[in-house]
Amino acid sequence: MHRRSLLAALGASGVLTTLAACGGGDEPATGGSSSSPSTSGGGAFPVTVTHKFGSTVVESAPTRVVTVGYNEEDFVLALGVTPVGSRTPLGAFDATKRPWAVDLLPAGGIPSVGQAELNFEEIAALRPDLIIGAYAYLQQADYDKLTQIAPTIGDVLPAGQPADTEAAATWQEELAAIGSALGKETEASSLTDDVEAKFTAAVDANPSFKGKTISVVLYNQGYYALDATDPRGNFFLQLGFSANPLSGSVSEEQVVQLDTDVLVVLGQSKAEFAQNPAAAGLAAVTENRTVYVPTFASDFAGALGYSSPISLPYALEQAVPALAAAADGNPSTVPADL
């Protein structure tokens, strides 16, 4: 399996979720579904958005947007647009109640356009004028089907990277692309500045983070080290930590390489992690320099998975105190679980 696809599968297991969130309204859609979308606008059209599959021209401000990926709904909602269709989450996290978006989610339910697989008939029935799959790990065949329904934004590529890159675009790059497609460039730029300012404030308030190495390991029937190519790994690097060069699947022999200044374990409690003798013996564990995210159903896990301009500030509020306790060099200080 291609590494990007593997990360998507790992994310779908709980940390990185997509949703058929709540939405409602009175505008009927073909096929019996209903929703009342917010409209975009304000930008100059037509606009051209580049992505993994080439480029897409959006001729005019879209009014019926469908999101088909793993975090795009947050980005669209953040820009004041309510999708008419979205993907149902696969994991344990209840995305319909995510606290950072609760005031943006409509009450009645946005129609689902699939879960493990996209339902192309349902997407067509919703009569979208724009489909957004900016972080969807789309295959060429799926993209081709979607473009027969409406103009489609495929996976946004990191700056300067080829179409087969394993790296995901940054949240800033994804937001810029979606903002352009919706005619919300000014709003997207302002939102980017706001979120980056929150990261800067967290870094300034915690100089102890700078230069300390961090490992971020996800457990899903084995360990997987996340690096800067994954939004979940990159979250911690944006706080000033230095990356552990270890990435990808972690063998039993490589567990000792997770012994960095700070360790983050996604998907296991301290007791579960310590069942592995090599893990239990890590200095980062015995000296209380490890932050645990025991369940993918937690709000923090969901916020980290979305890695969106509205979930990241929430994740910062939750993570920074625990990371500060892990990085303070005092073994008597125990970081909180997230």
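Shown above is the structure to which this text applies.
First things first, this report covers the structure right here in the doc. (Residues numbered from 1 in each chain as written. Predicted model: local features only at pLDDT ≥ 70, side-chain atom pairs only at ≥ 80, totals over all residues. Heavy atoms only, no water.)

## Here's the deal with the pattern of salt bridges
Link 1 in the chain: Taken as a whole and assessed by the stated rule, the structure comprises five salt bridges.
Link 2 in the chain: With a closest N to O distance of 2.7 Å, arginine 232 and aspartate 230 form a salt bridge. A single burial state applies to arginine 232 and to aspartate 230, both of which are buried.
Link 3 in the chain: Notably, a salt bridge pairs arginine 289 with glutamate 287, separated by 2.9 Å at the nearest N-O pair.
Link 4 in the chain: Exposure remark for arginine 289: the relative accessible area of 15% places this residue in the buried category. (Salt bridge = Lys/Arg side-chain N within 4 Å of Asp/Glu carboxyl O. Buried < 20%, exposed > 50% of the residue type's maximum accessible area, 1.4 Å probe, protein only.)

## Regarding the packing of helix H11 (residues 299-306) against helix H12 (residues 311-327)
Link 1 in the chain: It is at 8 Å that the axes of H11 and H12 come closest, and there the two elements cross at 135 degrees. In terms of orientation, H11 lies oblique with respect to H12. When the axes of H11 and H12 are compared, the crossing they make is left-handed. Between H11 and H12, the residues in contact are Asp299, Phe300, Ala303 and Tyr306 and Ser311, Tyr314, Ala315, Gln318 and Ala319, respectively.
Link 2 in the chain: For the contact of H11 with H12, the per-class residue count stands at six nonpolar, two polar and one charged. (Axes fitted to C-alpha atoms, helices over the stretch in contact; angles between N-to-C directions. Helix = DSSP H or I, 4+ residues; strand = E, 2+ residues; numbered from the N terminus. Parallel < 35°, antiparallel > 145°, perpendicular 65-115°, else oblique. Left-handed = near helix turned anticlockwise from the far one by under 90°. Contact = heavy atoms within 4.5 Å. Nonpolar A, V, L, I, M, F, W, Y, C, P; charged D, E, K, R; others polar.)

## Digging into the environment of alanine 125
Link 1 in the chain: With respect to the helices, strands and loops of the structure, alanine 125 is situated in helix H3 (residues 120-125).
Link 2 in the chain: Sequence-wise, alanine 125 and glycine 85 are 40 residues apart; in three dimensions their C-alpha atoms are separated by 10.0 Å.

## Remarks on the pairing of strand E2 (residues 54-58)
Link 1 in the chain: Bridge count for strand E1 (residues 47-51) against E2 is five bridges, and the pairing is antiparallel. Within E2, the residue paired with valine 49 across the bridge is threonine 56.
Link 2 in the chain: Counted between consecutive antiparallel strands, the loop separating E1 from E2 contains two residues. (Pairing = 2+ DSSP bridges.)

## A closer look at the sheet that holds strand E3 (residues 65-67)
Link 1 in the chain: Strands sit in the order E3-E4-E5 across an open sheet of three strands; the sheet is parallel. Every other strand in the sheet has two partners, leaving E3 and strand E5 (152-153) as the edge strands with one partner each.
Link 2 in the chain: Its contacts with the sheet put helix H5 (residues 171-182) on E3, strand E4 (130-132) and E5, and the angle it makes with E4 is roughly 175 degrees.

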